[in-house]
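Coordinate analysis (summary)
Okay, here's what each chain looks like letter by letter:
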Amino acid sequence: MRDYNESINLRWLGAHVDGVTDDTASISGWRDYVVSLPDKRKAYAPAGIYSYTSGPNWAVKGVHVFGDGKNNTVFKCTTAQRGFNIDASEYGIAVVYDVVLEDFCVEGHADCLHLIYVENVSHMTLRNINTREANSSSGAAFTGLFTVASVLENFTCSINEQSMTNKPYYGIVLGVSPSRNFRSTCNVITNPIIEGVVATGIRLISADFTTVIGGTSEANGLYGITTGNVCRCNTFKGMGFEANGTADILDAGVNTYVENCYTGTSIVFTATSRRPLVNGGLHERIEMQAGCSSAVIDGITINYFNTGSGGIVDNGTGTAFRNVFDYDLNAYIHPKKARSPITVSASPFTYTNSSGGFEYVLIVGGNVTQVLFKRDTDQSNTGVTSGLTLLA
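Here the residue index of a chain counts from 1 through its sequence in written order. Only residues with pLDDT of 70 or above have their local features reported here, since the model is predicted, and side-chain atom pairs are shown and tallied only from 80 upward, although totals for entire chains, interfaces and linings are computed over all residues. Excluding hydrogens and water, the side-chain figures rest on all heavy atoms present in the structure.

For the rest of this paragraph, the subject is the overall build of the protein chain. Per the convention used, a helix needs a DSSP run of H or I reaching at least four residues, while a strand needs a run of E reaching at least two, with both numbered from the N terminus. Per the secondary structure count, the protein chain includes 1 helix and 40 strands. Dimensions of the protein chain, computed from C-alpha atoms along their principal axes, come out at roughly 95 × 45 × 35 Å. Note on exposure labels: buried denotes an accessible area under 20% of the residue type's maximum, exposed denotes more than 50%, and partly exposed covers the range between, all computed with a 1.4 Å probe on protein chains only. Expressed as a percentage of the 392 residues in the protein chain, the buried residues total 50%. Sequence-distant contacts in the protein chain: of pairs separated by 6 or more residues, those separated by 24 or more amount to 59%. Each accessible area is a Shrake-Rupley result for a 1.4 Å probe, and residues are judged covered by the shown protein chains and nothing else. For the protein chain, the exposed surface amounts to about 17,600 Å²; the carbon and sulfur share of it is 49%. Mean positive and mean negative side-chain charge positions of the protein chain (27 and 35 charges, respectively) differ by 6 Å. Every residue pair with non-hydrogen atoms within 4.5 Å of one another is taken to be in contact. Counted as positive: Lys and Arg. Counted as negative: Asp and Glu, with His and the chain ends omitted from the count. Where a charge lies is defined by one atom per residue type, namely NZ (Lys), CZ (Arg), CG (Asp) and CD (Glu).

The following block contains the structure:
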């Protein structure tokens, strides 16, 4: 076997590269030879379409698979549920490190569930990878389960860049490993292009400290991004969202940060969302649902896209607003929650501010002889029996 420029060429293993003839044996032999080398040489697939029924498992420390460009080298999986497999659990290995994939496309089929499947892998790099064609009911372009400190750079699954008969249901999915029950942590995704998947562009099921920088998740059937209720400290910076069917971002996690993005549909913080932040950017609608706690909305422009259904809806508790500019009104605003009545029972009646923030209570009518303010062990007579009282 020749070794040219420290890489092993897949064509040397007899691949037909015509997109029709089965190259399964060549691809398996290519993988086995590359990983047998003591220094784990690079595995090079020149431009062309490599058709195969099922691919090998690339969960080997230090392996580097690369092609001639994300639109030029195509791995076309015709049968298996995993198009490109990197699964350390199959070998009983705790974690595999330093796998690199770059400059090729993975194409699946109507029954493919994972175009790229990754489990128990850390310090991985995916660069300039394109994906297309997967199961439209549950398939994903990329699935990372217990993926740690890894980088996805210029990852694409887009109906704008290529036609697709079978659009994946999800774009990028990060979650917990079924073999080890550990979640995905500290991954960085730069410039993802996820456009037109059936449901959700980026789905964080069980993931912490994910940072997504730039790129877009748009024109998806339901959501641009969703975060599950066990997710913590995930950040989205400088992204563009538009034309998503239900919402651009649906957050159910803790300390989710959205920084200098634009969202043409809406951001929704659900009942389990805790301490989310939207800082900067151009937005149409931001909604804090009942149960959402301690959101911070700072330095944003709202009603920017003039859909007629924009604005801020705050049914959460303890929401803080700073520097909110309403594009329709051409003015800074301070969003107000709708007043809710307090039913007064027998005297002495006690009302407690449990919101975690400031609340104003308006006392009107009735026969009030004294209003006593208490905080921790301190208390004092306010000296008023009507009007507005601040509970802080």
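Anyway, onward from the coordinates.
What follows deals with the pattern of salt bridges. Any two side chains of opposite charge can pair, on the condition that their charged atoms come close. By salt bridge we mean one thing: a side-chain nitrogen of Lys or Arg within 4 Å of a carboxyl oxygen of Asp or Glu. Overall, the coordinates contain 12 salt bridges when judged by the stated rule. Across the pair Arg 82 and Asp 87 runs a salt bridge, and its minimum N-O distance is 2.9 Å. A residue is classified by how much of its surface remains accessible, and Asp 87, at 2% relative accessible area, is buried. Here Arg 183 and Asp 208 are joined by a salt bridge, their closest N and O atoms 3.0 Å apart. Of the two residues, Arg 183 is situated in the loop between strand S15 (170-175) and strand S16 (184-185) and Asp 208 in strand S20 (residues 207-208); the sequence distance between them amounts to 25 residues. In this structure Arg 183 comes out as partly exposed when scored by relative accessible area, which is 24%. Overlapping salt bridges bring together Arg 82, Asp 87 and Glu 90 as one network.

With that settled, consider the packing of aromatic side chains. Between two aromatic rings, the relevant description is the distance of the centres plus the angle of the planes. Working definition: rings of Phe, Tyr and Trp (its six-membered ring) pair if their centres are within 6.5 Å, and the pair is stacked with planes under 30 degrees apart, edge-to-face with planes over 60 apart, and tilted otherwise. If you walk through the whole model with that rule in mind, you get 15 aromatic pairs. An angle of 25 degrees between the planes, with centres 6.1 Å apart, marks the rings of Trp 30 and Phe 75 as stacked. Remark: Phe 75 occurs in strand S6 (residues 73-77) and Trp 30 occurs in helix H1 (residues 24-36); sequence separation between them is 45 residues. Residue Trp 30 shares its accessibility class with Phe 75, and that shared class is buried. Plain terms: the ring middles of Phe 146 and Phe 182 are 5.3 Å apart, the flat faces sit at 65 degrees to each other, and that makes the pair edge-to-face. Within this pair, whereas Phe 146 is found in strand S12 (residues 140-148), its partner Phe 182 is found in the loop between S15 and S16, the two being separated by 36 residues in sequence. Ring pairs connect the aromatic residues Trp 30, Tyr 50, Trp 58, Phe 75, Phe 84 and Phe 104, which therefore count as one cluster. Over the ring of Phe 66 we find Lys 42, and its NZ or CZ is 5.9 Å from the ring centre. Across the ring face of Tyr 117, the terminal group of Arg 82 is positioned such that the distance to the ring centre comes to 3.6 Å. Consider the ring centre and the ring normal. A charge sits over the ring if Lys NZ or Arg CZ is within 6 Å of that centre and within 35 degrees of that normal.

Proteins that are soluble and globular tend to have nonpolar side chains buried together. In this text, buried Ala, Val, Leu, Ile, Met, Phe, Trp, Tyr and Cys residues form a nonpolar core when linked through side-chain atoms within 4.5 Å. Core analysis: the largest hydrophobic core is formed by 74 residues, its most contacted members being Trp 30, Phe 75, Phe 84, Ile 86, Phe 142 and Phe 155. Excluding its chain neighbours within four sequence positions, the residues that come into contact with Phe 84 are Trp 58, Val 65, Phe 75, Leu 101, Phe 104, Val 106, His 114, Leu 115, Ile 116 and Tyr 117.

A few words now on the pairing of strand S30 (residues 285-288). Strands are treated as partners if at least two bridges between them are detected by DSSP. Looking at chain direction, strand S28 (residues 267-269) and S30 are connected through 3 bridges and run parallel. What sits directly across from Val 268, in S30, is Glu 287.

The subject of this paragraph is the environment of Ala 252. By the secondary structure assignment, Ala 252 is in the loop between strand S26 (247-251) and strand S27 (257-263). Residue Ala 252 is classed as buried on the basis of its relative accessible area, which comes to 14%. A sequence separation of 23 residues divides Ala 252 from Arg 275, and the C-alpha atoms of the two residues are 11 Å apart. Those residues within four positions of Ala 252 in sequence are excluded, and the remaining contacts are Thr 227, Gly 228, Asn 229, Thr 270, Thr 272 and Ser 273.

Of note, the phi angle at Val 17 is positive, near 60 degrees, even though the residue is not glycine. On the secondary structure map, Val 17 appears in the loop between strand S1 (7-9) and strand S2 (18-22). Its relative accessible area of 13% is what places Val 17 among the buried residues. In the Ramachandran plot, Asn 260 falls in the positive-phi region, its phi being about 50 degrees despite a non-glycine side chain. Position of Asn 260 relative to the elements: it lies in strand S27.

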